[in-house]
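Fold and geometry: a report
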Amino acid sequence: MQRILSGIQPSGDVHLGNLLGALQNWVADQHTHESFHPIVDLHAVTVPQDPRELQAATLRLAQMLMAAGLDPDVCVLFVQSHVPEHTQLAWVLECTAGFGELRRMHQFKDKSADMDFVCAGLFTYPVLQAADIVLYDTDVVPVGDDQRQHIELTRDITQRFNARYGEVLVVPEHRIPPAGARVMDLQEPTRKMSKSAGEAPGTIWLLDEPDVVRRKIRRAVTDSHSEVRFDREAKPGVSNLLEILGAATGSTPRDLADVYDRYGPLKNDCAEAVVELLAPIRQRFAELRADPAETQRALATGAGTAGEIAAATMGRVREAMGFLPRR
Ligand code: TRP
């Protein structure tokens, strides 16, 4: 089985765009791949975090991922900071990556552009990400195009490391995941549904109550002319509803467009499909909330599995680099 790894930051709740765009792929992939999913809390602290909130958000994200279908008995779900080898390998790879290489990272340039304090960790963020990947002999990293540069960097520094020290690390490949749904903001259907919208009515959260989901979809921006057609350019609002309905029910937006000739019924069916999709997730989440120890045990097991592999990789790295064994 191919090994895949994809990390997720504990920043904010999961929304419908995350679920239909990426998370459902992860849930499917866990049965056909050896899947590793670190919750990357060490990456989160490259920007200021409230300690108490970080802790709560980390547990909450684990619960949300499990509620959405990631099964800790099937995949390896764990907290990055529970496996100290991530930072150990990151240091070694920082000594392999070039300063100039890191300076070219788009994500760093974008993120640091309007910050008044930029910590060094934000700059070396992609190297920690490389360590996440390489630590587990990952074959494939299924992440979106926005992460392409980071995965290319990972490949470059891994190859450089191997050229220097021998074939120690597995060079991973980037794979753009099968196109999940492209869910757009309900109020501004030309931009992706996002976390930053806060309480905004354009974002549907995984834990939104049925009536909230219905209200947000009822109030979704549609387009002038009442014709139902899948056309993202001319009819972004209606196309988005077709996309969501399609993803929630397993059909295609184009086929669905033929079924409707008015916006009202489309919105109704879309809302009910999303309510139905989220109902079991909300229920499972509530159960997990009621017994946090269950999630913490699952995360400890995940860290145990991850830690064994990570220790073996770090052992090879130490030996290859000539660090004196502690005896
Ligand atoms: N940088 C990724 C993001 O912003 C998160 C991440 C951290 C990641 N480590 C990873 C993704 C390893 C894939 C593999 O989404």
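Refer to the structure presented above.
Below is a short write-up of the structure. (Residues numbered from 1 in each chain as written. Predicted model: local features only at pLDDT ≥ 70, side-chain atom pairs only at ≥ 80, totals over all residues. Heavy atoms only, no water.)

Following the criterion strictly, the structure yields 17 salt bridges and no others. A salt bridge links D29 to R175, with the nearest nitrogen and oxygen atoms 3.6 Å apart. Taken together, the positions of D29 in helix α1 (residues 16-29) and R175 in strand β5 (residues 173-175) put the pair 146 residues apart, joining distant regions of the chain. Taking relative accessible area as the criterion, R175 reaches 25% and is therefore assigned partly exposed. For D211, the salt bridge identified is with R214, shortest N-O distance 3.0 Å. You can see D211 and its partner R214 sitting in helix α9 (residues 210-218), 3 residues apart, about one turn around the helix. Residue classification places D211 among the exposed residues on the basis of a relative accessible area of 53%. When salt bridges with common partners are traced through the structure, they connect D185, E188 and R191 into a single cluster. (Salt bridge = Lys/Arg side-chain N within 4 Å of Asp/Glu carboxyl O. Helix = DSSP H or I, 4+ residues; strand = E, 2+ residues; numbered from the N terminus. Buried < 20%, exposed > 50% of the residue type's maximum accessible area, 1.4 Å probe, protein only.)

Take the packing of aromatic side chains next. With the rule as written, the count across this model stands at 5 aromatic pairs. Centre to centre, the rings of F108 and F123 are 5.0 Å apart; their planes meet at 75 degrees, and the pair counts as edge-to-face. Of this pair, F108 sits in helix α6 (residues 106-112) while F123 sits in helix α7 (residues 120-134), placing them 15 residues apart in sequence. Residue classification places F108 among the buried residues on the basis of a relative accessible area of 16%. Exposure remark for F123: the relative accessible area of 14% places this residue in the buried category. In this structure an aromatic cluster arises from ring pairing among F36, F78 and Y136. (Phe/Tyr/Trp six-rings, centres within 6.5 Å; stacked < 30°, edge-to-face > 60°.)

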